2 protein chains.
Amino acid sequence: MSLRHALLGLLAHGPASGYDLTRAFDGSIGRYAWQAGHSRIYPELAKMAEAGQVVVEETGPRGRKTYALTADGHTELRRWMLHWPEQTSVRDETVLRMFLVQSLEPDDARKLLEGIAAHCAAEIENLRPVMEADDAEHTPGDPLPFGRLAGEYGLRQYEAVHGWALWSLERLGSAQPATRA
Amino acid sequence: MSLRHALLGLLAHGPASGYDLTRAFDGSIGRYAWQAGHSRIYPELAKMAEAGQVVVEETGPRGRKTYALTADGHTELRRWMLHWPEQTSVRDETVLRMFLVQSLEPDDARKLLEGIAAHCAAEIENLRPVMEADDAEHTPGDPLPFGRLAGEYGLRQYEAVHGWALWSLERLGSAQPATRA
DNA sequence: AGCCCCATGTAATTGGTTACATGATTGC
DNA sequence: GCAATCATGTAACCAATTACATGGGGCT
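Residues numbered from 1 in each chain as written. Chains lettered and ligands numbered in written order. Predicted model: local features only at pLDDT ≥ 70, side-chain atom pairs only at ≥ 80, totals over all residues. Heavy atoms only, no water.

Focus on the side chain of S103(A)
(1) Moving on: One can find S103(A) in the loop between helix 6 (93-99) and helix 7 (106-137).
(2) Moving on: Side-chain polar atoms of S103(A) contact the backbone oxygen of L100(A), separated by 2.6 Å. (Helix = DSSP H or I, 4+ residues; strand = E, 2+ residues; numbered from the N terminus. Polar contact = N/O pair within 3.5 Å; in protein donor to acceptor, adjacent residues only side chain to side chain.)

Details of the environment of E44(B)
Residue and element names in this part refer to chain B.
(1) Moving on: Position of E44 relative to the elements: it lies in helix 4 (residues 38-50).
(2) Moving on: What makes E44 buried here is its relative accessible area of 5%.
(3) Moving on: For the pair E44 and A118, spaced 74 residues apart in sequence, the C-alpha separation works out to 39 Å.
(4) Moving on: Sequence-distant contacts of E44, defined by excluding residues within four places in its chain, comprise L3, R4 and L7.
(5) Moving on: Here R4 takes part through its side chain, which lies 2.8 Å from a polar atom of the side chain of E44. (Buried < 20%, exposed > 50% of the residue type's maximum accessible area, 1.4 Å probe, protein only. Contact = heavy atoms within 4.5 Å.)

Observations regarding the protein's contact with DNA strand D
(1) Moving on: Among the 18 residues in the neighbourhood of DNA strand D, the closest are listed as S39(A), Y19(B), Y42(B), R64(B) and K65(B).
(2) Moving on: Each atom of DNA strand D within 4 Å of the protein was assigned to sugar, phosphate or base; sugar and phosphate come to 64%.
(3) Moving on: In this structure, a phosphate oxygen belonging to DNA strand D sits 3.1 Å away from a side-chain N or O atom of R40(A).
(4) Moving on: The contact in question runs from a base nitrogen of DNA strand D to an N or O atom on the side chain of R62(A), over 3.2 Å.
(5) Moving on: When residues of the surface near DNA strand D are traced back to their parent elements, those giving at least two are helix 4 (38-50) of chain A together with helix 2 (18-26) and helix 4 of chain B.
(6) Moving on: Of the residues belonging to the surface near DNA strand D, the class tally is 5 nonpolar, 6 polar and 7 charged. (Near = heavy atom within 4 Å. Nonpolar A, V, L, I, M, F, W, Y, C, P; charged D, E, K, R; others polar.)

A short note on the environment of A121(B)
(1) Moving on: Relative to the helices and strands, A121(B) is located in helix 7 (residues 106-137).
(2) Moving on: Considered as a pair, A121(B) and L104(B) are 17 residues apart in the sequence and their alpha carbons are 23 Å apart.

Looking at the relation of the copies chain A and chain B
Think of it as a corkscrew move, a rotation about one axis and a shift along it, taking one chain copy to the other.
(1) Moving on: Structural alignment of chain A on chain B gives an RMSD of 0.0 Å, achieved by rotating through 180° and translating 0.0 Å along the axis. What the rotation and shift describe, once combined, is the action of a two-fold rotation axis. Residues of chain A ranked by C-alpha distance from the rotation axis are headed by R91(A), positioned 2.5 Å from it.
(2) Moving on: Most of the interface of chain A is mirrored in chain B: 100% of its interface residues are interface residues there too. (Least-squares fit on C-alpha atoms with pLDDT ≥ 70 in both.)

Written out as structure tokens, the structure reads:
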């Protein structure tokens, strides 16, 4: 039931509407961690309200409902964050592809790994300046901007995959033709 | 529909029964990439057979059915592997927790990050000797053992998360009491 | 007036989990 | 003979995606 915890976690940052939360899932949380669309988010918020984990703090124009965490919601979020089960739920198409690289012919595998390496390099080029700009504005001692840790995670993630792809290319070797000369 | 591709990828390694495939998902593919239980795998194999991507190559004792990839199955696997869509499906509880570290009070966040760092360190201690033993047995020039690239990915993954957790702890600082002295 | 975005919801279908159900073979 | 494991399946329920549906408000 992690969608609920994702919502609790996002609301811990501050009150938000279903619409706001939907847009949050369009960002990096949806790209790297957990996806959700509005048609799932609205009913879940309703259930959470029923369970007393959130409340409608304010209603705005166009029927906008701004939800806020309750004490119970906070408690549940904290419990979930600190209570790490043995088996966590994973379903990641990208990682799946990496696990299956060796199911391809060596030539295809090389092509794929080269694509991955290039893609990671591009993302790193993209992310690093954003992080550095963030850090330049930040006064030491102040609390970190929300999302800074997640951003750093993403960056290091790409660096790791990049390194892995290069290592794999080297390991596969360029001298493994499917057809012998 | 990635379960199908996971199955195609596993079958590319060699023919297997639904039972064999179920056990494969209990291993690292299920831990890091994609989870599936037998109740989903059996019907999916049946559908894949109907679609001509796999065939029952052999029936054994206890009604065991050994499935093998067809040419169509191979083609579909290759298409999926080399055709990387913009938006891939992700749902990872562990990454979600990392994204939400900043929703905790600093003291809790530190506790969590310390736990993550320790856990990664332990996994690295576990994995590295396995990889090294694998490599020691391996003659250069031979094709890599199946799963070697995936294993390396896992190891580098843990190293990246470990580094991230330590960096985050440093960034959070130890001098950020929730209550002022 | 008209367009775009804000904003919320429901319905139908597919994908996934948990529980139910059954039985054969192997090894002791 | 008995236990463990091999082996396959279905049913009920829950989660998620895609499509349908509606309308208000801000801006030009």
